[in-house]
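What follows is the residue order along each chain.
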Number of protein chains: 2
Amino acid sequence: MAEVTATKTGRHYTVAEAGNLEALEKKEFIAETLGFTGMQVSLNRAVPGQSSPYLHAHRQHEELYLFLAGTGEFQVDGEVLAVKPGTMIRVAPDGRRAWRNNSDSDLLFIVVQANVGTLTGQDGIRLDGDPAWG
Amino acid sequence: MAEVTATKTGRHYTVAEAGNLEALEKKEFIAETLGFTGMQVSLNRAVPGQSSPYLHAHRQHEELYLFLAGTGEFQVDGEVLAVKPGTMIRVAPDGRRAWRNNSDSDLLFIVVQANVGTLTGQDGIRLDGDPAWG
């Protein structure tokens, strides 16, 4: 798959098409492409035998790892966890983390980063004036 | 699927299992379950004919809609966009948004919220001392 690029932009939105995640050629970071300033998101496909090149931690960002397909392992502070479709892991900034695909099929997952403590309370505004779909 | 609950917690991580998203019975918000304070995340399955009950906007949060399976429509400020697997949409706080599943199969998607402008620059810390996987 070619690099993910924005396909359409309006005053309050931007769209990009990642296509089938099984066809990802490399890790795709989408924050800059889509204009995010409060989160970073990456789309990841790890082939059999592939692993994080190194452990990493964060200064202020928490991370979500959401596994969509395949199986593998994830470690935090030396503790190893099995992951499968639907596994979600929050890692606090200080967690020393890495993943690996020790299976014989692709491991697909999404990683989201955000700055801890920045979410506000009730932020949504319900707009009752117009029906959403006429 | 039963409600998503945390299955394992360590000093710097929390794990939950959402299982197969096709089996979701209702919208699942995972921030509280997993301890996030910088992002809100929901897992969504819309059945054929289902739509947002109302348009909504936000005060300070930007949103990512990432569509994983099925097809449908998304609107921002009255403009309607077709969505399919791999479609990613960033909506700015002021965007008046709604989705609908106008197809004959389930529409699966993830929604992430974060507070605009809160991401820091280079936040990751590469830990080179130990190999990630021995």
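Structure: above.
Cut-off values and rules
Residues numbered from 1 in each chain as written. Chains lettered and ligands numbered in written order. Predicted model: local features only at pLDDT ≥ 70, side-chain atom pairs only at ≥ 80, totals over all residues. Helix = DSSP H or I, 4+ residues; strand = E, 2+ residues; numbered from the N terminus. Buried ≥ 20, exposed ≤ 12 C-beta atoms within 10 Å, placed from the backbone. Contact = placed C-beta atoms within 7 Å. Least-squares fit on C-alpha atoms with pLDDT ≥ 70 in both. Pairing = 2+ DSSP bridges. Nonpolar A, V, L, I, M, F, W, Y, C, P; charged D, E, K, R; others polar. Core = buried A, V, L, I, M, F, W, Y, C linked by C-beta atoms within 7 Å.

## A word on the overall build of chain A
Here is step 1 of the chain: Helices and strands together make up the secondary structure of chain A, namely 1 helix and 12 strands.
Here is step 2 of the chain: Along the first, second and third principal axes, the C-alpha set of chain A runs to 50 × 35 × 25 Å.
Here is step 3 of the chain: Looking at chain A residue by residue over its 134 residues, the buried ones come to 40%.
Here is step 4 of the chain: Sequence separation of at least 24 residues holds for 63% of the intrachain contacts in chain A that already meet a minimum separation of 6.

## A closer look at the relation of the copies chain A and chain B
Here is step 1 of the chain: Screw-axis analysis of chain A against chain B gives a translation of 0.0 Å along the axis, an RMSD of 0.0 Å, and a rotation angle of 180°. Within this description, the copies of the chain are treated as partners about a two-fold rotation axis.
Here is step 2 of the chain: With an isologous cut-off of 70% or more, the 99% of interface residues of chain A that recur at the interface of chain B puts this contact in the isologous class.

## Brief notes about the pairing of strand β7 (residues 72-76) of chain A
All names here are of chain A.
Here is step 1 of the chain: Counting buried residues along β7, 4 of its 5 residues qualify, which places the element largely inside the surrounding structure.
Here is step 2 of the chain: Across 5 bridges, the pairing between β7 and strand β8 (residues 79-83) is antiparallel. Across the sheet, E73 pairs through a bridge with A82, a residue of β8.
Here is step 3 of the chain: The turn linking β7 back onto β8 is made up of 2 residues, and D77 within it adopts a positive phi angle of 55°.
Here is step 4 of the chain: Note: β7 against strand β10 (residues 97-100), 4 bridges, orientation antiparallel. In the strand pairing of β10, F74 is matched with W99.

## Some thoughts on the sheet that holds strand β3 (residues 28-29) of chain B
Whenever strands of a sheet pair, they do so through backbone hydrogen bonds, lying parallel or antiparallel.
Here is step 1 of the chain: Strand order in the open sheet formed by 7 strands is β1(A)-β2(A)-β9(B)-β6(B)-β11(B)-β4(B)-β3(B), with antiparallel pairing between adjacent strands. Whereas interior strands pair on both sides, the edge strands pair on one side only; in this sheet they are β1 (6-9) of chain A together with β3 of chain B.
Here is step 2 of the chain: Taken together, the 5 bridges between strand β2 (residues 13-17) of chain A and strand β9 (residues 87-91) of chain B define a ladder with antiparallel strand orientation. In the sheet register, A:A16 faces β9(B), and the bridge partner there is B:M88.

## Quick look at the interface of chain A and chain B
Here is step 1 of the chain: Contacts between the two partners involve 69 residues from chain A, matched on the other side by 68 residues from chain B.
Here is step 2 of the chain: Taken together, the residues of the side of chain A that touches chain B break down into 30 nonpolar, 24 polar and 15 charged.

## Observations regarding the nonpolar core
Here is step 1 of the chain: Of all hydrophobic cores here, the largest spans 64 residues; its most connected members are A:M39, A:V112, B:M39 and B:V112.
Here is step 2 of the chain: Apart from residues lying up to four places away in sequence, B:V112 is in contact with A:M39, A:V112, B:M39, B:V41, B:E63 and B:L64.

## Description of the environment of A:G124
Here is step 1 of the chain: Note on placement: A:G124 falls in strand β12 (residues 124-127).
Here is step 2 of the chain: In the structure, A:G124 is positioned 24 residues away from A:R100 in sequence and 37 Å away in space, judged by C-alpha atoms.
Here is step 3 of the chain: Leaving out residues up to four positions away in the same chain, A:G124 has contacts with B:H56 and B:H58.

## Quick look at the sheet that holds strand β11 (residues 107-115) of chain A
Here is step 1 of the chain: Taken together, 7 strands build an open sheet; the order of strands is β3(A)-β4(A)-β11(A)-β6(A)-β9(A)-β2(B)-β1(B) and the sheet is antiparallel. Two strands in the sheet have a free side with no partner beyond their single neighbour: β3 (28-29) of chain A together with β1 (6-10) of chain B.
Here is step 2 of the chain: Note that strand β6 (residues 61-69) of chain A and strand β9 (residues 87-91) of chain A share 4 bridges and pair antiparallel. Paired with A:L66 across the two strands is A:M88, which belongs to β9(A).

## Side note on unusual backbone geometry
Here is step 1 of the chain: In this structure, A:D77 takes a positive phi of about 55° despite not being glycine.
Here is step 2 of the chain: With respect to the helices and strands, A:D77 occurs in the loop between β7 and β8.

## Examining the pairing of strand β4 (residues 40-46) of chain B
All names here are of chain B.
Here is step 1 of the chain: By the criterion of burial, β4 is predominantly enclosed, with 6 of the 7 residues buried.
Here is step 2 of the chain: In this structure, β3 lies alongside β4, joined through 2 bridges in antiparallel fashion. Paired with E28 across the two strands is L43, which belongs to β4.
Here is step 3 of the chain: Pairing between β4 and strand β11 (residues 107-115): 7 bridges, direction antiparallel. The partner of S42 across the bridge, within β11, is V111.

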